[in-house]
Amino acid sequence: MRTCSTCSRQIPEDSQVCPYCSAAVDTDHGTLTSQKKAVGSLAGAPTVRATESVDSDLIPHGQFLPGTRLVERYRVVSMLGKGGMGEVYRADDLELGQSVALKFLPPEFASDPRRLEHFRREVRIARQIAHPNVCRVYDIAQVEGRYFLSMEYVDGEDLAAVLRRMGRPSKEKAVEIARQLCAGLAAAHANDVLHRDLKPANVMIDGRGRVRITDFGLAGLADTFHSGEIRAGTPAYMAPEQLSGKDVSVRSDLYALGLVLFEVFTGRRLYDSNSIAELQMMHDSGSRATPSSFVGDIDPAVERVIEQCLEKDPHRRPPSAMAVAAALPGGDPLAAALAAGETPSPELVAAAGSSEGMHPVAAIACFLLIVGGTLAMVPLNKSNSTVRIVPLPKPPPVLADRAAEILTRLGHRGVVADTSHGFGSSLDYFDHVRKSDKSTTRWDQLANVRPSPVYFWYRQSPRALAPASSEDWVSESDPPLQTSGMASVRTDPLGRLTQLQVVPPEREKEPPTTAPAASVDWSLLFSEAQIEQEKFSRVAPRWSPEVYCDESAAWEGHFANQSDVPIRLEAGAYRGKPTYFRIIGPWTKPSRMDEEELPPGQYVGQFVSFGILALLLLGGVFMAQRNLRLRRADRAGANRLAIAFFCLLSMSWLLLCDHVPEFMFEFQRLRFQIGLALLTAAIVWLWYVGLEPYVRRRWPHVLVSWSRLLGGRLRDPLVGRDILVGGLFAVGLSALGVLESHALGWFVKATAAPFFWQWTTLRGPRFQIGQVLESTFSVFFAMLVLFLFLGVWMLLRKQGLALLFLIGLFAITEVLYAPADSSRVTTIASVVGACMWFLIQLIVLLRFGLLASVFAWFFMRNCVWPAAVGLSGWQSGGSWLALIFVTAIAGYGCVVAMGGRPLFRDELAET
């Protein structure tokens, strides 16, 4: 025989139900369980407990007696309780061998279509939520004309009963309950479900002490409540805006969460009132008790987060339940979510991690290292920049005026409707020196060689210069020389003529006379080029001009300071006026014939690069569709990112492009560029939606500061820290490039060719600001590296193997792209430097996160300006702009990273 724990009577050993009080036997523990314990409940339906409806130990059997079989699957064990929305029974699922709770709709409601639809809505909402801290719903069925649903049976009691019976729990247990409450509520909010009736009576504590949120009977999808439904719920646990009928939102649930946490940590209710009017007055007065007024030793972090939840203004409350969990003392909600096998929400990721600022000394040291490192690159990089080696004594307006003067002196005085100009360099010369000279001094004559490898080009036209290519800015070759009177002049940095092309008239205004054409005065060309004609001998022409000429000539000779370098001059004229001139060195290649084919390795490298991008794009499409269907994509973050991309790219186009006063042409270009910006933004959005959830699941720490920035937390200390970290690594990577260049000189005995990364920046402030805005692509490159690493990891499932595979792939690609005539040592040095660069990028990404990687790319794109152009001369305007921009961003990161901490402590302040 056994003793019933409810009525203390003796019952048979094999009894499952007490015949005297109908208490159910707990078969797991070998004892009887009182019906005053809580019933199992559904995530989506209100749970009715015996504690709500019965004050005696004897609970009526209801319509179904113990042992009754329902739909040939369930056997009723006992009635657990009943409430306004129906009766709840404990039953055995005979098919699965589990205990379940069956909730029946009251008979009078079954014939009411409105009530029946409300019942179905509860089930639909409940089935959207699957979380360990939310009770689950299984199915809905009908028996004897009554609808019922099967749901999870929870052996335990509600939180209100626990607090009445035991008082407030220990600090550790209270924090544990609070965290689980936040996790369950966050799961509902992640599915756009508002609970609207969160209170201790609707929170279950099961036999293992785990929290289960129940009674979603008043729940619904956000933004679907009409004005008559806003005030539904328990008034004592309503937010002020819900109690007044104004609004109900996620932050209304957070207010109720704050009230529940107040009870958990103090054992007392915050608001005890006898009427709604009295409760409304309490809210309007703005005065309320604090947790510390009841519990003196409460943790300040707990009190702070409760007070934040209870703010009258919804916008001042925490943004999410996960933010509340993150603010609680101890523990790691992000680690808890990962341990539970869940994908943490973007809000949980943003709430994870530290919110404390850097020490002011460390932040200021980082700022000084970034700015100082950028300035230190200026003297160290002098031998690596073409612009720093070749003097540019005359600014563009002076050279443009000189080019126009040359055309005038040669007799071309036609109408000029539009002009453009810029700088460029001769790649043919650099290739020639690289192949023919392997010494360490091979670039010493770069500043003195003629014709200079750095040149200034000038274009003028009787019509608007409208670019024909997708780049949308005028270049030396775009638009092509097709309009009569269009002219192109090339000079060296000193203003000496090196190349001339003028398009002759398509049709003469008057028929040509039979008299012989006037003789061409070729000395004009020699004079404008500042070449001594007597040192060159006349030879037969060999080069055909791009423009039509009715007379041509050629000369060969040497410049005074280059007696060992043969120079050829080709010229042409039309109707006695010079229209073509070109200085040709031994390195000059014909650009319109015998096009040099790429080495086979570079074809393979391009194929590999294209294949990787195609796989990422196709994989992003597939994963985006899947994540959207499963509702786990961060659509809000993706939308913000895509909008920012679109706006910044559109602004950079407006600044970088050469515009013409022709409405239809500009409209067509605007339509094309807007479409291109939309396409780029769409690709970024697609990648982010498709791949970001997998990063959030596998490496959520990578996205903490990034999620905070996307969420608008611009003054978050972690955001400032990662800005500084990105800047530090950018300076380090720039130093690595300089070190690699010097190492080539030490070990290979042949210095690398100097370069200049963007000639457009020498065209003026408008183009320089446009280049800064184009730094938006830093996000694109950082995401590309992250998602590439993610894709390889998903194939190999080992982080170390994925790292080795990517470095190996990067090394192979670098070898394939290496010039065919490069020495083995040079190729090895280049591969090692590139692999180290890529490895550092991955370290930044995985150790500090996506935001630090983005700013590492950003600072690298802008720190290179002072090093490449210098800080003196007319060309240094872009350097100072970039330096100001770098200093401003780094300074912002420094201030934000300190988190409001003072640099110096006030020793006289009261303690």
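Residues numbered from 1 in each chain as written. Predicted model: local features only at pLDDT ≥ 70, side-chain atom pairs only at ≥ 80, totals over all residues. Heavy atoms only, no water.

1. Points about the pattern of salt bridges
Selection criterion: Think of a salt bridge as a Lys or Arg side-chain nitrogen and an Asp or Glu carboxyl oxygen that are within 4 Å of each other. Throughout, exposure labels follow a simple rule: accessible area from a 1.4 Å probe, protein chains only, divided by the maximum for the residue type, with under 20% read as buried, over 50% as exposed, and the rest as partly exposed.
If you walk through the whole model with that rule in mind, you get 29 salt bridges. Note that Arg708 and Asp716 form a salt bridge whose closest N and O atoms lie 2.8 Å from each other. Relative accessible area serves as the criterion here: at 0%, Arg708 is assigned to the buried category. Asp716 sits in the buried class, given a relative accessible area of 6%. A single network of salt bridges, built from pairs that share partners, joins Arg136, Glu152, Asp206, Arg210 and Arg212.

2. Examining helix 14 (residues 360-380)
Condition: Helical segments are the DSSP runs of H or I of at least four residues, strand segments are the runs of E of at least two, and each set is numbered from the N terminus. Take the residue count of a helix, subtract one, and multiply by 1.5 Å to get its expected span.
With 21 residues, helix 14 ought to run about 30 Å at 1.5 Å a step, and its terminal C-alpha atoms sit 30 Å apart, in line with that. Taken as a whole, helix 14 has its buried residues at Pro360, Ala363, Cys366, Ile370, Val371, Gly373, Thr374, Met377 and Val378.

3. Some points on a nonpolar patch on the surface
To keep things clear, this is the line we draw: Note on patches: the residues involved have over 30% relative accessible area and no salt bridge, like charges join within 9 Å, and the nonpolar side chains Val, Leu, Ile, Met, Phe, Trp and Tyr join within 5 Å. Computed by Shrake-Rupley with a 1.4 Å probe, the accessible areas treat only the displayed protein chains as cover when residues are assessed.
Nonpolar side chains collect at one region of the surface, where Leu795, Leu796, Leu801, Leu804 and Phe805 lie side by side and expose about 540 Å² of accessible area between them. For the nonpolar patch, the secondary structure elements donating two or more residues are helix 25 (777-796) and helix 26 (799-817). The element best represented in the nonpolar patch is helix 26, accounting for three residues. Note that Leu801 resides in helix 26. Judged by its relative accessible area of 47%, Leu801 falls in the partly exposed class.

4. A closer look at unusual backbone geometry
Residue Arg450 is joined to Pro451 through a cis peptide bond whose omega torsion reads -5°. Looking at the secondary structure, you find Pro451 in the loop between helix 17 (427-436) and strand 17 (454-461). Looking along the chain, the bond that leaves Asp478 and enters Pro479 is cis, with omega of 5°. Locating Pro479 in the fold gives a position in the loop between strand 17 and strand 18 (487-491).

5. Details of the sheet that holds strand 11 (residues 156-158)
To be explicit about the condition: Pairing between strands requires that DSSP locate at least two bridges from one strand to the other. To get an axis, a line is fitted to the C-alpha atoms, and for a helix only the part in contact is used. The angle between two axes follows their N-to-C directions and goes from 0 to 180 degrees.
As summarised here, the arrangement of the three strands in space is 11-13-14, forming an open sheet in which the pairing is antiparallel. If you trace the sheet from one side to the other, it starts and ends with strand 11 and strand 14 (211-213), each paired once. Across the sheet, the axes of successive neighbouring strands diverge by a mean angle of 30°, strand direction being ignored. Two strands pair when backbone bridges link them, and strand 11 and strand 13 (residues 203-206) are joined in this way by three bridges, in the antiparallel orientation.

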